[in-house]
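Geometric and topological summary
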Amino acid sequence: MSKIELLTPENSVLLFIDHQPQMAFGVVNIDSQLLKNNVVALAKAAKVFNIPTTLTTVETESFSGYMWPELLDVYPENDLLERTSMNSWDDPKVRDAVGLTGRKKLILSGLWTEVCINLCAFSAMQDNYEVYVVEDACGGTSEMAHRASMDRMVQAGVVPMTWQQVALEWQRDWARKETYDPIMAVFKEHSGAYGMGIDYAYTMINKVPQRGDFKGKIVK
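Residues numbered from 1 in each chain as written. Predicted model: local features only at pLDDT ≥ 70, side-chain atom pairs only at ≥ 80, totals over all residues. Heavy atoms only, no water.

**Comments concerning a nonpolar patch on the surface**
Among the surface-exposed residues, Leu 168, Trp 174 and Tyr 194 lie close enough to one another that they form a single nonpolar patch of about 260 Å² accessible area. Examined against the element boundaries, Trp 174 turns out to sit in the loop between α8 (163–171) and α9 (177–190). (Patch = residues over 30% accessible without salt bridge, like charges linked within 9 Å, V, L, I, M, F, W, Y side chains within 5 Å. Areas by Shrake-Rupley, 256 points an atom, 1.4 Å probe, with all protein chains shown as cover. Salt bridge = Lys/Arg side-chain N within 4 Å of Asp/Glu carboxyl O. Helix = DSSP H or I, 4+ residues; strand = E, 2+ residues; numbered from the N terminus.)

See below:
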């Protein structure tokens, strides 16, 4: 495998690390609501394409708090792999969950960039994984900490991406109708102006009824 080989639904595996309140409290490089939006969007996109996904947490009941309910709602049947180590790759439960997929393109999202993402990325690379870090679905304790961590990982061969970039690479061809409507639904909800543009095109140009539960009318 090569890093110039595109991500596909068949070669990707996803790991969410420590999306928990106490970790989010320390994030300052990205707006908290935007961070949550991006993480949940990545999760929903992965669900559309049936990407094997592992959720891991650290010290849930003694320090970090429960994983964000918005993320858990995407994976209501998944177990949470609890750890004590800052490096999730130290935990055999996590390594085994990823390894059993047989996939080597490992996509990471988590808190904090400079600790839990950095450590996991380097350790996984030592086990011959190609690591992709979804930068806008990660957060650091300062802009400098996040940037220095990303730079360090890129220098070592980690590939930085954004959640929408990952989703579009999975889709790749709009002729793939089985995932077209579900992934467009994710974009409409989570992609800001792009999502608004999709709604506009559907309703104004294609004359599709407006989505949502609005039952009122335009009073002129």
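Resuming the write-up.
**As for the packing of α8 against α9**
Close contact between α8 and α9 brings their axes to 11 Å; oriented N to C, the two are set at 165 degrees. For the element pair α8 / α9, the angle class is roughly antiparallel. Taken as a pair, α8 and α9 cross one another with a handedness that is left-handed. Seen from α8, the contacting residues are Trp 163, Gln 164, Ala 167, Leu 168 and Gln 171; seen from α9, they are Thr 179, Tyr 180, Ile 183, Val 186, Phe 187 and His 190. Taken together, the residues that form the contact of α8 with α9 break down as seven nonpolar, four polar and no charged. (Axes fitted to C-alpha atoms, helices over the stretch in contact; angles between N-to-C directions. Parallel < 35°, antiparallel > 145°, perpendicular 65-115°, else oblique. Left-handed = near helix turned anticlockwise from the far one by under 90°. Contact = heavy atoms within 4.5 Å. Nonpolar A, V, L, I, M, F, W, Y, C, P; charged D, E, K, R; others polar.)

**Focus: the pattern of salt bridges**
Within the structure shown, the criterion is met by eight salt bridges. Between Lys 105 and Glu 130 there is a salt bridge whose closest N-O contact spans 2.6 Å. Pair noted here: Lys 105 is in strand β4 (residues 105–110) and Glu 130 is in strand β5 (residues 130–134), with a separation of 25 residues, a long-range link. Accessibility classification places Lys 105 together with Glu 130 in one group, the buried group. The closest approach of N and O atoms between Glu 135 and Arg 147, which form a salt bridge, is 2.3 Å. A residue pair is termed long-range when its members are at least 10 positions apart, and Glu 135 in the loop between β5 and α7 (143–156) and Arg 147 in helix α7 qualify at 12 residues. (Buried < 20%, exposed > 50% of the residue type's maximum accessible area, 1.4 Å probe, protein only.)

Honestly, that's just the spatial picture; any functional story needs more than this.
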